[in-house]
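# A closer look at the structure
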Amino acid sequence: MLVKSQFNSKVRGAGFRATGTARVIKKTCLLSKIRTRCLMRKRPPAMAVCITMYNEKVEELKVTLRGLIHNYNCFRADPKYDLKKDDFLIFIVCDGYDRIPDCFKELAREKGFLDESILEQKGFMAKDPRSGALKMRPLRDIMDPDVPDSEVPQNLLHVWQITTWDVGLDEDMLKGRRIHLMFGVKHRNDGKINSHRWFFQGVCKFLKPELCLMLDIGTRPADYALLKLYNHMQADPNCGGCCGEIEVDLNDAMKSGLGTYLICCAQFFEYKLGHSPDKACESFFGFTSVLPGAYSVFRWKAIKGGPLDAFFKNVTRTEIPTCSEANEYLAEDRIMCLEIYIKVDNKYTLAYVPDAKAFTDAPPSLMVLMKQRRRWMNGAFFGTKKVIGNFVNMVGCDRTKHGCWNKCWMVFFMFYMSITFILQFFIVGATFAAIYIFFNAFLEKLFVSSYGLQSLVRRGFFSDVFVWGYLLLIALTLIMSLALPLENARFVFLMVTTGFGVLTIITITGMVVYLCDTGLFPPEEKYTTVTDTDD
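All of the points below concern the structure found in this document. Since the structure is predicted, the reported quantities are computational estimates derived from the model, not experimental observations.

## Structural notes on helix 16 (residues 404–423)
Helix length check: helix 16, at 20 residues, gives a terminal C-alpha distance of 29 Å against a target of 28 Å (1.5 Å per residue), a fit within 8%. Residues of helix 16 that are buried: Lys407, Met410, Phe413, Met414, Met417 and Phe421. Seen along its axis, helix 16 keeps its buried residues to an arc of 115°; they face one direction. Projecting away from the buried face of helix 16 at angles above 90 degrees are the exposed residues Trp405 and Phe415. Those residues of helix 16 that are buried lie in contact with helix 8 (258–284), helix 13 (332–341), helix 14 (366–389) and helix 15 (391–395).

The structure is reproduced here in structure tokens:
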């Protein structure tokens, strides 16, 4: 959809200005047709889906589309939902053109949702004189010379739109039904949050769908997962957003080697531990602190206004953020969840639906995993700090319309969150104490038959080696994290990770050996008193 804009005497992509006001969108484009038909039947579109991508291969898109289309077919086939094709829109946003793999481009051209010749004709693309490949031209070169630099747009979104029954899957999953699909390519790379901004402040602001689904490419909703999320949102009109369980897909991990498989298994365990107890507990109180951008549903009425403004504050602000603010927006989805719950004169809640499962691909290498978790941990820490700092807004009676019982439960929840936040500062010491205790127990049982080694254990030789080794690993982690980028300290971090892994395995083994030998309730030892007697 290419239309004229007052900021450009030529042609540029339709969208929305930084102020939020809409540019003219042609009435013949797909978005206008969907909105017109929905207005005629007096019902907004049921769900708009945003799939964000960067340089992922076409196989990952097919994985995501398989899950989406299965759920779409279930919506269309069940008469109780009464959903038409205009109720469902898939919007794929690609963060720049240069990093799109060739296999992805071939599929997109074949299915009709990518055509670079149009961009070349309009002057947005040109062939590289050296390689002959098409590349996006600088935005300054696209503008007329008399356009001031201040009016040159920061980015453009080029969109192709189709209504099709063939999205490139091997099997005929749509079964003759047609589905709306839009593929947008940003003129230049501008980050994932900017992709979400095009979706929310562009597509959703124009269509005003009932629900907005956020997905990462490579994440596959399980069968009937979206139906369960949709049913939950319909059953509770005050639910501002919800998410399901995300499970790491281990099917392809073993093919990449043992190291990749172990890393993926560790993330599988972490995802299970993070979703089952944590999100279930938070959902009980009506405030799931984070709905992950990789797989979550939001109600458009709940997020428009303040929550979206807070979500995009890091990319719209003009002033330099403080250290705390910069870290908070490493996990901007936490900020939006907080703003939804404390939205003025509303009583929105945030829920977790455990049955609505989705499968995702995990980072396959240690370096990628460390980069991801460093960002997540910083964002989680400062995001939790921000939630605790909004205690008055969370439990106050003059801002939201939550009931009295909800307020009372929220006081208890905020107390629980504060305690867990404080305990984070002692987790290193607590882990050390646990490992130290069971490390000694394991060695005593292991060397019980060897007098020489047993004496070394009693003199504390192995304990001293463990303590100094543990401190050395922590010191290496701190020094290398502060001094060098992750890539330059790859070997050191691999060594540290292996060291902590070996210690953890020894500790778990020691724990099992100790409990098997003594039991959960060891018997009390009886002592006899020896007294001196005269001969």
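## A few points about the pattern of salt bridges
Pairs may arise between side chains of opposite charge once their charged atoms sit close together. Under the defined criterion, the tally for this structure stands at 14 salt bridges. Linking Arg41 and Asp87 is a salt bridge whose minimum nitrogen-to-oxygen distance equals 2.6 Å. Here Arg41, found in the loop between helix 1 (30–40) and strand 3 (47–53), pairs with Asp87, found in the loop between helix 2 (58–77) and strand 4 (88–94); they are 46 residues apart in sequence, far enough to count as distant. Note on Arg41: relative accessible area 31%, which makes it partly exposed. When the shortest N-O distance is used, the salt bridge between Arg373 and Glu270 registers 2.0 Å. Of this pair, Arg373 sits in helix 14 while Glu270 sits in helix 8; the two residues are 103 residues apart in sequence, bridging distant segments of the chain. In this structure Arg373 comes out as buried when scored by relative accessible area, which is 11%.

## Details of the packing of aromatic side chains
Following the criterion strictly, the structure yields 25 aromatic pairs and no others. On the numbers, 5.9 Å between centres and 80° between planes, the contact of Phe381 with Phe425 is edge-to-face. Here Phe425 lies in the loop between helix 16 and helix 17 (427–446) and Phe381 lies in helix 14, a separation of 44 residues in the sequence. In this structure Phe425 comes out as exposed when scored by relative accessible area, which is 55%. Taking 5.6 Å as the distance between ring centres and 85° as the angle between the ring planes, the aromatic pair formed by Tyr470 and Phe500 counts as edge-to-face. In this pair, Tyr470 sits in helix 19 (residues 461–483) while Phe500 sits in helix 20 (residues 490–518), placing the two residues 30 residues apart along the sequence. Take Phe500: its relative accessible area is 24%, and that puts it in the partly exposed class. Here the aromatic residues Phe284, Phe285, Phe287, Tyr341, Trp409, Phe412, Phe413 and Tyr416 are joined through ring pairs into a cluster of three or more.

Parameters at a glance
Residues numbered from 1 in each chain as written. Predicted model: local features only at pLDDT ≥ 70, side-chain atom pairs only at ≥ 80, totals over all residues. Heavy atoms only, no water. Helix = DSSP H or I, 4+ residues; strand = E, 2+ residues; numbered from the N terminus. Expected span 1.5 Å × (residues − 1). Buried < 20%, exposed > 50% of the residue type's maximum accessible area, 1.4 Å probe, protein only. Arc of directions from axis to C-beta. Contact = heavy atoms within 4.5 Å. Salt bridge = Lys/Arg side-chain N within 4 Å of Asp/Glu carboxyl O. Phe/Tyr/Trp six-rings, centres within 6.5 Å; stacked < 30°, edge-to-face > 60°.

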